[in-house]
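Spelled out from the first residue to the last, the chains are:
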Amino acid sequence: MSAAATTIQLKRNRSRRALDIAEFDGGRAGAGQASIVGGREAGRPGTGTHVNLQHVLYDVEQLSSLKGFGLYAGYFAFFFGLFMYRFDILDSQSTLQWYNEAIQSQYDLVADDTSPWCADIVPGVTLDCYTDYGDMGNNDDLEHFVTQDIAKYVQGVREYCPSCELAIIVADQDLTIVPAGRVICSDFEIGVSAKRYTRGRVTSYSSRDCTAEDEKWRQNPHADGFPCCENNVLRLASLVLKTSYALGGADQQPLAELLDAANVKKAVKEYVVTVLESLEAVAQVVVRRESHMIRMAYAAFWIDSKCVPGCIDASRKYWSRKFSDNDLTETALIVFAILFFCLSVVHDFHALGSSCLSPKDVGKRLGTVYGVLFWVPSIILPWWVNVIQISQPLNALPTIIVAIELIMFVRLFAEGDALPPFRLITRTLANAWKTLFSFCIAMATTICVFGGMSAQLSGQFDGTHSPYGGAWSATFDVVVQGAPLDGDNFVVNPGASLLMYYVLNLFLFLILAQFFIAILVDAFDQTRQAEIESLKDRQLPPGFITRATEQTYVEVFKCYVEFFGAYYIYGRPSLKVQRELTSAQRKVEAARKATALACGECYEPSAMMVSNSQLKAQVGLFTAAKLLRLYGAQVAAGKEAQVEQFLISLAVLPDIKNAAPAPEGSGETGSGIKLHVGDGAVAPRPSPPAPPASTGGLSSPGIVRTPSASERRRRTLGTPPMGEAGGGQEQNETEDESQYPQVPVVRATVRRRQERRAATEAETYGVPPAADGTGDDGLSR
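The rules behind these values
- Residues numbered from 1 in each chain as written.
- Predicted model: local features only at pLDDT ≥ 70, side-chain atom pairs only at ≥ 80, totals over all residues.
- Heavy atoms only, no water.
- Salt bridge = Lys/Arg side-chain N within 4 Å of Asp/Glu carboxyl O.
- Helix = DSSP H or I, 4+ residues; strand = E, 2+ residues; numbered from the N terminus.
- Buried < 20%, exposed > 50% of the residue type's maximum accessible area, 1.4 Å probe, protein only.
- Pairing = 2+ DSSP bridges.
- Contact = heavy atoms within 4.5 Å.
- Axes fitted to C-alpha atoms, helices over the stretch in contact; angles between N-to-C directions.
- Patch = residues over 30% accessible without salt bridge, like charges linked within 9 Å, V, L, I, M, F, W, Y side chains within 5 Å.
- Areas by Shrake-Rupley, 256 points an atom, 1.4 Å probe, with all protein chains shown as cover.
- Expected span 1.5 Å × (residues − 1).
- Phe/Tyr/Trp six-rings, centres within 6.5 Å; stacked < 30°, edge-to-face > 60°.
- Lys NZ or Arg CZ within 6 Å of the ring centre and 35° of its normal.
- Polar contact = N/O pair within 3.5 Å; in protein donor to acceptor, adjacent residues only side chain to side chain.
- Disulfide = S-S within 2.5 Å.

**A look at the pattern of salt bridges**
Here comes step 1: Under the defined criterion, the tally for this structure stands at 16 salt bridges.
Here comes step 2: Two residues, Arg218 and Glu215, come together in a salt bridge whose shortest N-O distance is 3.8 Å. Placement of both Arg218 and Glu215 in helix α7 (residues 210-219) is noted, with a separation of 3 residues, approximately one turn of the helix.
Here comes step 3: Classification of Arg218 by relative accessible area gives partly exposed; the value is 34%.
Here comes step 4: Taking relative accessible area as the criterion, Glu215 reaches 38% and is therefore assigned partly exposed.
Here comes step 5: Between Arg427 and Asp417 there is a salt bridge whose closest N-O contact spans 2.9 Å. A residue pair is termed long-range when its members are at least 10 positions apart, and Arg427 in helix α15 (residues 420-458) and Asp417 in the loop between α14 (397-415) and α15 qualify at 10 residues.
Here comes step 6: Accessibility expressed as a relative area gives 29% for Arg427, which makes it partly exposed.
Here comes step 7: Residue classification places Asp417 among the buried positions, given a relative accessible area of 18%.
Here comes step 8: Connected via shared salt-bridge partners are Arg158, Asp187 and Glu230.

**Some points on the sheet that holds strand β17 (residues 647-648)**
Here comes step 1: An order of β12-β16-β2-β15-β17 is seen for the 5 strands of this open sheet, with the pairing classed as mixed. Each edge of the open sheet is held by one strand with a lone partner, namely β12 (544-546) and β17.
Here comes step 2: The pairing of strand β15 (residues 609-611) with β17 spans 2 bridges and is classified as parallel. Looking across to β17, one finds that Met609 is bridged to Leu647.
Here comes step 3: Contacts between helix α3 (residues 53-86) and the sheet are confined to β2 (49-52), β15 and β17, with β2 contributing the most and set at about 50 degrees to the helix.

**A look at a nonpolar patch on the surface**
Here comes step 1: Together, Val369, Val372, Leu373, Trp433, Phe437 and Ile441 give the surface a local cluster of nonpolar side chains, amounting to about 560 Å² of exposed area.
Here comes step 2: Breaking the nonpolar patch down by element, the ones donating at least two residues are α13 (369-388) and α15.
Here comes step 3: Residue position: Val369 is located in helix α13.
Here comes step 4: Residue Val369 is classed as partly exposed on the basis of its relative accessible area of 41%.

**Observations regarding helix α20 (residues 574-598)**
Here comes step 1: In this model α20 runs 36 Å from its N-terminal to its C-terminal C-alpha over 25 residues, within 8% of the 36 Å that 1.5 Å per residue would give.
Here comes step 2: Two residues or fewer past α20, Gly600 is found with a positive phi of approximately 75 degrees.

**What to know about the packing of aromatic side chains**
In this description, a pair of aromatic rings is defined by centroid distance and the angle of the planes.
Here comes step 1: Across all of its chains, the model carries 26 aromatic pairs by this definition.
Here comes step 2: Where Phe79 meets Phe83, the ring centres are 5.1 Å apart and the plane angle is 55 degrees; that geometry is what we call tilted. Pair noted here: Phe79 and Phe83 are both in helix α3, with a separation of 4 residues, about one helical turn. Neither Phe79 nor Phe83 differs from the other in exposure class; each is buried.
Here comes step 3: Ring centres of Tyr133 and Tyr298 lie 5.0 Å apart, and the angle between their planes is 70 degrees; this geometry places the pair in the edge-to-face category. With Tyr133 in the loop between β4 (129-130) and α6 (139-160) and Tyr298 in strand β10 (residues 292-304), this residue pair connects regions lying 165 residues apart in the sequence.
Here comes step 4: Of note, Arg288 hangs over the ring of Phe188, and the distance from its end group to the ring centre comes to 5.5 Å.

**Description of the environment of Phe87**
Here comes step 1: Topologically, Phe87 is positioned in the loop between α3 and α4 (89-104).
Here comes step 2: Sequence separation between Phe87 and His292 is 205 residues, and the spatial gap between their C-alpha atoms is 9.4 Å.
Here comes step 3: When neighbours within four sequence positions are excluded, Phe87 is seen to be in contact with Ser92, Ser320, Arg321, Leu397, Pro398 and Ile401.

**Some words on the side chain of Thr147**
Here comes step 1: Here Thr147 is to be found in helix α6.
Here comes step 2: For Thr147, the side chain forms a polar contact with the main-chain oxygen of Glu143, separated by 2.9 Å.
Here comes step 3: Once residues lying within four places of it in the same chain are set aside, the contact partners of Thr147 are Arg235, Leu236 and Val268.

**Structural notes on the state of the cysteines**
Here comes step 1: In this structure the tally under the stated criterion is 3 disulfides.
Here comes step 2: Paired through a disulfide, Cys185 and Cys229 show a sulfur-sulfur distance of 2.1 Å. Because the torsion about its S-S bond is 100 degrees, the bridge between Cys185 and Cys229 counts as right-handed. On the criterion of sequence distance, the pair formed by Cys185 in strand β6 (residues 183-186) and Cys229 in the loop between α7 and α8 (232-246) is long-range, its members being 44 residues apart. By the burial criterion, Cys185 is buried, and Cys229 matches it.
Here comes step 3: Here Cys210 pairs with Cys228 through a disulfide, and the sulfurs are 2.4 Å apart. When the S-S torsion is -90 degrees, as for the bridge of Cys210 with Cys228, the disulfide is left-handed. Taken together, the positions of Cys210 in helix α7 and Cys228 in the loop between α7 and α8 put the pair 18 residues apart, joining distant regions of the chain.
Here comes step 4: Judged by relative accessible area, Cys228 falls into the buried class, the value being 0%.

**Side note on the pairing of β10**
Here comes step 1: Burial analysis of β10 places 10 of its 13 residues in the buried class, which makes it a mostly covered element.
Here comes step 2: Where strand β9 (residues 281-289) meets β10, 8 bridges bridge the pair, whose relative direction is antiparallel. Within the sheet, the bridge partner assigned to Arg289 lies in β10 and is His292.
Here comes step 3: Hairpin remark: β9 followed by β10, antiparallel, with 2 residues in the connecting loop; positive phi at Glu290, about 55 degrees.
Here comes step 4: One ladder, built from 12 bridges, connects β10 with strand β11 (residues 308-322); its direction is antiparallel. Following the sheet pairing, Ala297 is matched in β11 by Lys317.
Here comes step 5: With antiparallel pairing between neighbouring strands as the criterion, β10 and β11 make up a hairpin whose turn holds 3 residues.

**Examining the sheet that holds strand β5 (residues 165-169)**
Here comes step 1: The strand order β6-β5-β9-β10-β11 describes an open sheet built from 5 strands, whose pairing is antiparallel. Each edge of the open sheet carries a strand with a single partner, namely β6 and β11. Strand-to-strand twist across the sheet, computed as the mean angle between neighbouring axes with direction ignored, equals 15 degrees.
Here comes step 2: The pairing of β5 with β9 spans 5 bridges and is antiparallel. Looking at the pairing, Leu166 lines up with Val287 of β9.

Just distances and angles here, no functional claims.
Here it is in structure tokens:
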């Protein structure tokens, strides 16, 4: 055998014997305590009732998570409903529909083409045709819109809805703070001088006496006031006055001077140029119908003010609101949103308190990507936007609200981990996000490169690939649904376009998109396997028989009411119960991990069975009685050796976190686990203390050692110990061998890993694998 093979053989001997002879130091455990091997009670297996600690803690945590999900879902629902109501989503569409019909009814013909097409349809007759605002392409069209079209819009609304009120403003601001100098006309009080009262977020706009207000403004036109929108002459005079005042003119001018044709034409030209330079709306028409308000912002900007100053790009934007003097619906939505928000925050702090985390660990949890980007913003931003929403531009406010709702929805989706149907999805995304993030960076870089290539080939004549933002979006669309085999680029440059068609579909659609799917599928498989393993750990391990009693519907309902209403569970405050169970579980895991690390093995979670007496000491008599009734199980006859690996003792678990490091070379870990490892041979071990005669053959309550492999083999064969002829039979008569726990059953995954390692070593170094059921030294295991 080669030197490398010999080294492998010795290492295998050490690792396997280390698992057999790991034990607590006798001085650490103290008298009257059972020894622990990896968080496992090494004394005689209990014959009473046991409870799977992981199953109990899982159910309690699921109940807490379900409550957290319900509270945050309620908060999200009322916040979402509040802005759905404020934005008047249900009725704004109908208002906008009849508004469009009303303004088109004032024209002879309605067409989507330009005015010349309409004018030549009847020879010799000039028709007044409706031109869609989006089709306007130069300054003259805007001037015609300001002087003629808006008047027709107002007249059409009056005919369709006589009770509706209008306002025309030029500021993209909330109506409660818009200055009077930016209001052209209004049929109701508006702006900082409005006669209104405010109750919370509800604002009432009182109607104006248009006859009196118009006459007052006619007698004294001034920039700090405005007429009603009914009179087109006064509306045009107000526009001229406020344009002149904005450009440095007087704030008061005679009405005759304002209505002079030359002054009107000059003021309108200056007004259009000012609006185009400031990127503000040409006009914002506000229609008020009872408690509904809708605003149409007619915006425009120069395509290239330097080279082609006459060409413009016109567009429309919409805004809607709902208000009422005594809006009980909005008040109720606000109250319930605040209520669920407070309850949700209280529950979040309760969950942090029950998790037994130190302040440092809490800071680490809040400092994660999820905590920084979603958890903390979902608490702060909704109320921040309620404070600053009045000062935000009306066009930007819906975007801000939607962004906040997206953040809140991500958190709601994460809270859905409490529901089994969503758990696989949320945990799959949690497991895959790092890989997806790295992949998205690579994908974005690839799309940038291919988007630039497409822009170089067809960006000059194809609007889809120009400017570069359009090319990037078109290339990203290839990842989703593939590249099309048509377009203007195939007519102008067919060869290069066909090449890009194949390249884009091959690299982006067939390769890049499939990698994205593969990452999610792989994360889903890992998550599903982890869920299966977690389910196995929560179930009763082999060798136990359930003694649990199924709850009645009344008991289940009472349990939910106590926990959801008062944070009470199993007769005690849920905070204490969760902290005690969580602390016990972490101590057992720490002890088992320390043992696995010291023995050179990988830690694998398994069931944690707690006895009746230890459960009473941990959570109290009343709570323990309820847990035993709901989760109790007993060891099946003849299965004591099989279940020994799952039994734990909560009373003697070492404090792994605060354990002092062991001296170097002492063979002892910081958790108090002492290892006796030699070079291929088992180190001598102290003999167990002799049992007193009064115990009836039972071992003393002191430290119980784990028998070595040779001793277990000797007892199996029935041979006496070395140096004691015939001592085996005599010892069997006076000593109960059940005081020595059997070797824990090796999990299937560990066994398969050992078999694969042995096969690899045999193939590489010529080391023959050990026979089934024996170790590397040939002894039975």
